[in-house]
Amino acid sequence: MSDKKKIILTGDRPTGKLHVGHYVGSLRRRVELQNSGEFDEIFIMIADAQALTDNARDPQKIRDSLLNVTLDYLSAGIDPAKSHILIQSMIPALPELTAYYMNLVTVQRVGRNPTVKSEIKMRGFSEGEADNEEGTPVGFFCYPISQAADITAFDATVVPVGEDQEPMLEQTREIVRKFNSIYGETLVLPDILLPGNLASRRLPGTDGKAKMSKSLGNCIYLSDDEAAVSAAVKTMFTDPTHLKVTDPGHTEDNPVFIYLEAFAGEDNKDASALFAEYAPDYKDLNEMEEHYRRGGLGDVKVKKFLDKVLQETLSPIRKRRAEYEKDIPAVYEILKEGTAYAAETAANTLSRVKRVMGIDYFRGM
Ligand code: TRP
């Protein structure tokens, strides 16, 4: 077992382009960790098999999103020389590990997983709901177990994800403990790594709704051009009680300020430069927030600042994307290499698992 190694595994479902919620929730941190040089290995998984668990009838959507998500990764700063980008469905050890882990988890336990519960509700899978008579696909129900396989197959020690993934990590840790207690120390116990501030953990949609979703049209995508971002910021929800500039305003539950917290808040290393350049009246976000709460600071002004902040963040990402888009075969080559390396790593873990389970029947023959 690679005890002392520091290994990152994380990933996304390719069901569309990645948005700024993905960026502040996880992607930004991955790039920082990658560039910190502190990790022995970094695996970033495009979880297409997981995406298919509730999109079985629309594999084309997953297929189309694969390249988009890869471009989102690369343009956000994931460097293929430092991180392996891999395609989940092309790693045969993963479903095999999943099959053995399934015997260590009860149906009841998965049923209590809060993320699974809320996703089942959101998708109308729950029994008796009018808009979906079909109920929950078994594959979908089991995805937390396959996610445990994703994480353990690479001996991941750190999993940087958004807050919604906390129950998945908890479930993975239970599986690891159970497996190790039955078969002996084999699997590595992973730790979750959440974004530092609450705003980044759960960035709302531009309409203030809890989740960004394509169907609600409340997303800002990493691949959006300058005009699209400005338009989204212009129509963004703010404090509905802040009618006149002089009115005192609310900053909490106000999407514009939540976005500012995520993109120009205290724990953002570029925050003071952003204020110095685009809002020199304020030293930091706290001062701007105080002014807004006191009254006298208009939404248009705050939104103009947010627009600048977002453009500043997204413009290098757009530039890198344009470069990668010039050579798509090279992007596929990156995926191929990352996947081949990952397949080998996961196969080694599977061998180890089968050995400790005593089902490597022909060993030494
Ligand atoms: N469930 C994650 C999501 O919905 C995607 C994912 C699949 C993942 N496998 C993973 C995340 C392993 C972290 C580790 O975004």
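Keep in mind that this is a model prediction, so the values were computed, not measured.

## Focus on the overall build of the protein chain
Check the secondary structure of the protein chain and you find 16 helices and five strands. Over its C-alpha trace the protein chain gives a radius of gyration of 22 Å, about what one expects of a compact globule, namely 21 Å for 365 residues. The dimensions of the protein chain, computed from C-alpha atoms along their principal axes, are 80 × 50 × 35 Å. When each of the 365 residues of the protein chain is scored for burial, the buried share is 52%. The contacts of the protein chain with a sequence gap of at least 6 include a subset with a gap of at least 24, amounting to 77%. The positive charge centre, built from 45 side chains, and the negative charge centre, built from 56, are 1 Å apart in the protein chain.

## Describing the site of the ligand
Taken together, Leu9, Thr10, Gly11, Arg13, Ala47, Gln50, Gln147, Asp150, Ile151, Val159, Val161 and Gln165 are the residues near the ligand. Side-chain polar atom of glutamine 147 to a nitrogen atom of the ligand: 2.9 Å apart, as the coordinates give it. Taking aspartate 150, its side chain carries an N or O atom lying 2.7 Å from a nitrogen atom of the ligand. Protein coverage of the free-state accessible area of the ligand, which is 370 Å², stands at 91%. For the shell around the ligand, the per-class residue count stands at five nonpolar, five polar and two charged.

## Some points on the environment of lysine 61
Note that lysine 61 resides in helix α3 (residues 59-76). Residue contacts for lysine 61: discarding those within four places in its chain leaves Pro14, Thr15 and Asn55.

## Here's the deal with the packing of α3 against helix α16 (residues 328-357)
One can describe the packing of α3 onto α16 by two numbers: an axis separation of 11 Å at closest approach and a directional angle of 85°. In terms of orientation, α3 and α16 fall into the roughly perpendicular class. On α16, the residues touching Leu66, Leu67, Thr70, Leu71 and Leu74 of α3 are Ile328, Val331, Tyr332, Ile334 and Leu335. Across the contact of α3 with α16, the residue classes tally to nine nonpolar, one polar and no charged.

## Thoughts on the domain arrangement of the protein chain
What the domain assignment reports for the protein chain is domain 1 (7-202 + 328-357) and domain 2 (226-322). Tallying the contact residues gives 15 residues for domain 1 and 13 residues for domain 2. When domain 1 packs against domain 2, close to 1,100 Å² is buried across both sides, 59% of that on carbon and sulfur atoms. One can count one salt bridge joining domain 1 with domain 2. Close ionic contact of aspartate 72 with arginine 321 constitutes a salt bridge, the shortest N to O distance being 2.1 Å. Secondary structure elements with two or more residues in the side of domain 1 that touches domain 2: α1 (20-36), α3 and α10 (198-201). Among the elements that make up the side of domain 1 that touches domain 2, the one with the highest residue count is α3 (six residues). Of the residues assigned to the side of domain 1 that touches domain 2, the class counts are seven nonpolar, six polar and two charged.

## Side note on unusual backbone geometry
A positive phi angle is found at aspartate 155, which is not glycine, with a value near 55°. As for its position among the elements, aspartate 155 is in the loop between α8 (143-152) and β4 (158-160). Judged by relative accessible area, which is 8%, aspartate 155 ranks as buried. One non-glycine residue with positive phi stands out, namely aspartate 253, at about 65°. Assignment of secondary structure puts aspartate 253 in the loop between α11 (226-234) and α12 (255-264).

## Quick look at the pattern of salt bridges
On inspection of all chains with the given rule, the structure shows 18 salt bridges. When the shortest N-O distance is used, the salt bridge between arginine 321 and glutamate 325 registers 3.9 Å. Placement of the pair is arginine 321 and glutamate 325 together in helix α15 (residues 299-325), with a separation of four residues, close to one helical turn. The class of arginine 321 is buried, set by a relative accessible area of 8%. Residue classification places glutamate 325 among the partly exposed positions, given a relative accessible area of 43%. Between lysine 326 and glutamate 323 there is a salt bridge whose closest N-O contact spans 2.9 Å.

What counts, and at which threshold
Chains are numbered independently. Their residues run from 1 in the order of the written sequence. Local features in this predicted model are restricted to residues whose pLDDT is 70 or higher, and side-chain atom pairs enter the listing and the counts only when it is 80 or higher, whereas totals over whole chains, interfaces and linings include all residues. Calculation of side-chain values draws on the structure's entire complement of heavy atoms; hydrogens and water are dropped beforehand. Helix and strand definitions here come from DSSP, where helices need a minimum of 4 consecutive H or I residues and strands a minimum of 2 consecutive E residues; each element is numbered from the N-terminal end. Computation of the radius of gyration draws on C-alpha atoms alone. For the globule rule, the value is 2.2 Å times the number of residues to the power 0.38. For every residue, the accessible area obtained with a 1.4 Å probe (protein chains only) is divided by the maximum for its type, and the residue is called buried under 20%, exposed over 50%, and partly exposed between those limits. Residue contacts follow a heavy-atom distance rule, with two residues in contact if any of their heavy atoms lie within 4.5 Å. Charged-residue counts in this description rest on Lys and Arg as positive and Asp and Glu as negative, His and the chain ends being excluded. To locate a charge, take NZ of a lysine, CZ of an arginine, CG of an aspartate or CD of a glutamate. We define proximity as follows: a residue is near a molecule or strand when any one of its heavy atoms falls within 4 Å of that partner. Two N or O atoms form a polar contact when they lie within 3.5 Å of each other; inside protein one atom must be a possible hydrogen donor and the other a possible acceptor, and for residues adjacent in sequence the pair counts only when both atoms belong to side chains. Per-residue and other accessible areas were derived by the Shrake-Rupley procedure at a 1.4 Å probe size, with only the shown protein chains allowed to occlude residues. Each residue gets one label: Ala, Val, Leu, Ile, Met, Phe, Trp, Tyr, Cys and Pro are nonpolar, Asp, Glu, Lys and Arg are charged, and the others, such as Gly, are polar. The axes are straight lines fitted to the C-alpha atoms, using for helices just the contacting stretch, and the angles between their N-to-C directions are given from 0 to 180°. Orientation is classified from the angle alone, with under 35 degrees giving roughly parallel, over 145 giving roughly antiparallel, 65 to 115 giving roughly perpendicular, and any other angle giving oblique. What counts as a domain boundary in this text is fixed by an automatic or database domain assignment. What counts as buried area is the accessible surface, traced by a 1.4 Å probe, that two parts surrender upon association, with contributions from both included. The rule for a salt bridge is simple: a side-chain nitrogen of Lys or Arg has to be within 4 Å of a carboxyl oxygen of Asp or Glu.

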